[in-house]
Amino acid sequence: RGAFSPEMARRDVPILHRLVNGRPLVWLDNGATTQKPRQVIEAVAAFYGSANSNIHRGAHSMARDATALYEAGRAAVADFLGAPSPEEIVFVRGTTEAINLVAQTWGRANVGPGDDILVPVLEHHSDIVPWQQLAAETHARVVPVPLLPDGQIDQFAYADLLSSRTRLVAVSHASNVLGTVPPVAEMTALAHRYGAKVLVDGAQAVAHFPVDVQALDADFYAFSGHKLFAPTGIGALYAKPELLASMAPWQGGGNMIESVSFDRTTFAPAPHLFEAGTGHISGVVGLLAALDWLSSFDHEAVAAYETQLLAYAQQALAAVPGLRVLGEAPDRIGVLAFTLAGHDSTAVAQALDLEGVAVRSGHHCAQPALAHYGLDSAVRASLALYNTPEEVDQLAASLLRIQQS
Ligand code: PMP
């Protein structure tokens, strides 16, 4: 592992050097998606330029090479998540698809009338709605776990809500709106005491700190490649092997079968059982390149830098009159949702855009979390390893100008 500086990372990411509205781009919308290093862009281009083939099928050498790349991607994801084996990694379109897969396979078989699914108020809609759909189908209940004012999950309420009726706890490893990093390992241990399973939504976590699904003892862990410097349309679901082995197939089609006849169809084992149809092969190639790129940096140096940059950003925003940051839990990643007194969130984001600063405004697919603060919209600046203190200064200076306008 090499050294790390944000400049090293920036040199690799071409889009960070473009102008927006005549001003150098300041990309602070990493919570929505991250920008791609040239290593990822070039790996995808090289795949299509000289190695494109479908996988698994066919005996020719290009199919074999593409299959090897695809499976190398699976092994790299297993390694990245601390999973014991690549067999426990299912490729999906992203976090949303991973959660829907679990809801519709494991959920349909294991959740029934009167059962509870515990979901913190903090969750992204994609970790709420699939459970509501499952609950409607199975006559179960989705039970919200309340938040404390600082944006942490109320652990006393959580402990109270757990019961022998709890089948599943679905919790984000880091919040996309408040940045909160809940004590997932502790929450999981507690859920397991009641025999409940735990799904961890890692969409926001994976780009910011190392994940170890075994240390968490997570039953399911989901993430999206595009929030991890990889292409859109590819993500992964980790599941414990005994769960994967017990789950019925989801979508049917090619790749997920062993043999098909009109009398009887037999299925391939996991993970292929859950990967019907042609997968996003170039996406896996890009994801593999993104994981390689990340692992070229010293992890601890990256984490230390991100912590420092977050503290710097908190200070800079605190100096803007009328600016209120939502939730300031002590354990958090660099996601800062805020409001500016007297200014509409969309107008703030648009004014920032005119100065080249890209942030998101709106409900951030977390309406219950915003409602907790009596809001239906906020501005969100979300940091990544390639952001700099100078960019934070520019955000703060632009906000001051907007505030005074
Ligand atoms: N969960 C969280 C915490 C997220 O931030 C996001 C993306 N904003 C998702 C789930 C959904 O991810 P995707 O749209 O890539 O499926």
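About the thresholds
Along each chain, residue indices are assigned from 1 in the same order as the chain's sequence is written. For a predicted model such as this one, the threshold for reporting local features is a pLDDT of at least 70, and the threshold for listing and counting side-chain atom pairs is 80 or more; totals across whole chains, interfaces and linings nevertheless cover every residue. Counting other C-beta atoms within 10 Å of its own, a residue is labelled buried from 20 upward, exposed at 12 or fewer, and partly exposed in the gap between, with every C-beta atom placed from the backbone. Helix and strand definitions follow DSSP, with helices as H or I runs of at least four residues and strands as E runs of at least two, each counted in order from the N terminus. Pairing between two strands is assigned when DSSP locates at least 2 bridges connecting them. When the strands point away from the viewer, a crossover counts as right-handed if the path from the first strand over the helix to the second runs clockwise. The nonpolar core is taken to be a set of buried Ala, Val, Leu, Ile, Met, Phe, Trp, Tyr and Cys residues joined by way of C-beta atoms within 7 Å. Each domain's limits were defined by an automated method or a database of domain assignments. Contacts are defined on C-beta atoms placed from the backbone: any two residues whose C-beta positions lie within 7 Å are in contact. Polarity classes work like this: nonpolar for Ala, Val, Leu, Ile, Met, Phe, Trp, Tyr, Cys and Pro, charged for Asp, Glu, Lys and Arg, and polar for all others, with Gly in that last group. An axis is simply a line fitted to the C-alpha atoms; with a helix, the fit covers only the stretch in contact. Between two such axes, the angle follows the N-to-C directions and lies from 0 to 180 degrees. To estimate the expected span of a helix, count its residues, drop one, and scale the result by 1.5 Å. By definition, a residue lies near a molecule or strand provided its backbone-derived C-beta atom is within 6 Å of it. Arc definition: directions from the helix axis to the C-beta atoms. UniProt positions are given in the numbering used here, feature names are shortened, and annotations may be inferred rather than shown by experiment.

Enquirer: How do you make sense of the pairing of strand E7 (residues 166-172) when you look at a structure like this?
Expert: On any regular strand, side chains alternate: one points to one face of the sheet, the next to the other face. Within E7, six of the seven residues are buried, leaving the element largely enclosed by the surrounding structure. Sheet topology note: the E7/strand E8 (residues 197-201) ladder contains five bridges and is parallel. What sits directly across from Ser172, in E8, is Asp201. Handedness of the E7-helix H7 (residues 184-193)-E8 crossover: right-handed.

Enquirer: What am I meant to see in the pairing of strand E17 (residues 378-382) here?
Expert: Of all five residues making up E17, five are buried, and the element is well covered by its neighbours. Burial of the side chains of E17 extends over both faces: Ala378, Arg380 and Ser382 are buried on one face and Val379 and Ala381 on the other. Relative to E17, strand E14 (residues 335-340) runs antiparallel, the two being bridged by four bridges. Across the sheet, the residue bridging to Val335 is Ser382, located in E17.

Enquirer: For this particular structure, what's the right way to read the nonpolar core?
Expert: Side chains of a nonpolar character, in soluble globular proteins, are inclined to be buried together. By size, the foremost hydrophobic cluster in this structure holds 127 residues, and its most contacted members are Phe220, Leu237 and Tyr238. With nine residues, helix H10 (residues 281-295) is the single largest residue contributor to this core. Residue-level mapping places this core at the junction of two domains, with at least three residues from each of domain 1 (6-30 + 298-404) and domain 2 (43-295).

Enquirer: What should I look at first to understand the domain arrangement of the chain in this one?
Expert: Interface size is commonly expressed as the accessible surface area that is lost when the partners come together. Here the domain parsing of the chain yields domain 1 (6-30 + 298-404) and domain 2 (43-295). With centres defined by C-alpha atoms, the gap from domain 1 to domain 2 works out at 28 Å. At the junction of the two partners, domain 1 supplies 24 residues and domain 2 supplies 25 residues. For the side of domain 1 that touches domain 2, the residue count by class is 13 nonpolar, five polar and six charged.

Enquirer: Explanation requested: the sheet that holds strand E5 (residues 116-120) in the structure shown.
Expert: One key point about sheets: their strands pair by backbone hydrogen bonds, in either a parallel or an antiparallel sense. The strand order E4-E10-E9-E8-E7-E5-E6 describes an open sheet built from seven strands, whose pairing is mixed. Here the strands that pair on one side only, and so sit at the sheet edges, are strand E4 (89-92) and strand E6 (141-145). Averaged over all adjacent pairs, the angle separating strand axes in this sheet is 20 degrees, with direction ignored. Sheet analysis places E4 next to strand E10 (residues 235-239), joined by four bridges and oriented antiparallel.

Enquirer: Can you help me understand H10 in this one?
Expert: An ideal rise of 1.5 Å per residue puts 21 Å on 15 residues; H10 measures up with 21 Å between its terminal C-alpha atoms. Taking burial as the measure, the 15 residues of H10 include twelve buried ones, the bulk of the element. Ile281, Ser282, Gly283, Val284, Val285, Gly286, Leu287, Leu288, Ala289, Ala290, Leu291 and Trp293 are the residues of H10 that are buried.

Enquirer: Explanation requested: the site of the ligand in the structure shown.
Expert: Looking at the ligand, there are 13 residues lining it, with Gly94, Thr96, Asn176, Ala203 and Ser224 nearest. Taken together, the residues of the shell around the ligand sort by class into two nonpolar, nine polar and two charged.

Enquirer: Would you mind showing me how to read the sheet that holds strand E13 (residues 323-325) here?
Expert: One open sheet holds the four strands; their spatial order is E13-E14-E17-E16, and the pairing between them is antiparallel. At either end of the open sheet lies a strand with only one pairing partner, and these are E13 and strand E16 (360-362). When strand polarity is set aside, the average angle formed by the axes of neighbouring strands in this sheet is 30 degrees. The sheet contacts of helix H12 (residues 345-354) involve E14, E16 and E17, and relative to E16 the element is tilted by about 160 degrees.

Enquirer: Got a minute to help me understand the environment of Ile234 in this structure?
Expert: Looking at the secondary structure, you find Ile234 in the loop between strand E9 (220-224) and E10. Using a count of 27 C-beta atoms within 10 Å as the deciding quantity, one classes Ile234 as buried. Leaving out residues up to four positions away in the same chain, Ile234 has contacts with Phe91, Gly225, His280, Gly283, Val284, Gly286 and Leu287.

Enquirer: Explain helix H11 (residues 299-318) to me, please; I cannot follow it from the model alone.
Expert: Quick reminder: α-helices carry 3.6 residues per turn. Residues three or four places apart thus point the same way. Here H11 spans 29 Å end to end across 20 residues, near enough to the 28 Å set by a 1.5 Å rise per residue. Along H11, the residues classified as buried are Val302, Glu306, Leu309, Leu310, Ala313 and Ala316. All buried residues of H11 project into a common sector of 130 degrees when viewed along the axis, lining one side. For H11, exposure combined with an orientation more than 90 degrees from the buried face picks out Glu300, Ala304, Gln308, Ala311, Gln315 and Ala318. Residues of H11 that are buried sit in contact with E14 and helix H14 (389-404).

Enquirer: Which parts of the structure should I look at to understand the UniProt feature "domain: Aminotransferase class V" (unreviewed entry) in the chain?
Expert: Mapped onto this numbering, the UniProt entry gives "domain: Aminotransferase class V" (unreviewed entry) at residues 26-395. Secondary structure content for residues 26-395 is 39% helix and 17% strand, and the end C-alpha separation is 8 Å.

Enquirer: Sorry, what's going on with the environment of Val20 here?
Expert: Within the fold, Val20 resides in strand E1 (residues 19-20). For Val20, a count of 15 C-beta atoms within 10 Å puts it in the partly exposed group. For the pair Val20 and Tyr312, spaced 292 residues apart in the sequence, the C-alpha separation amounts to 24 Å.

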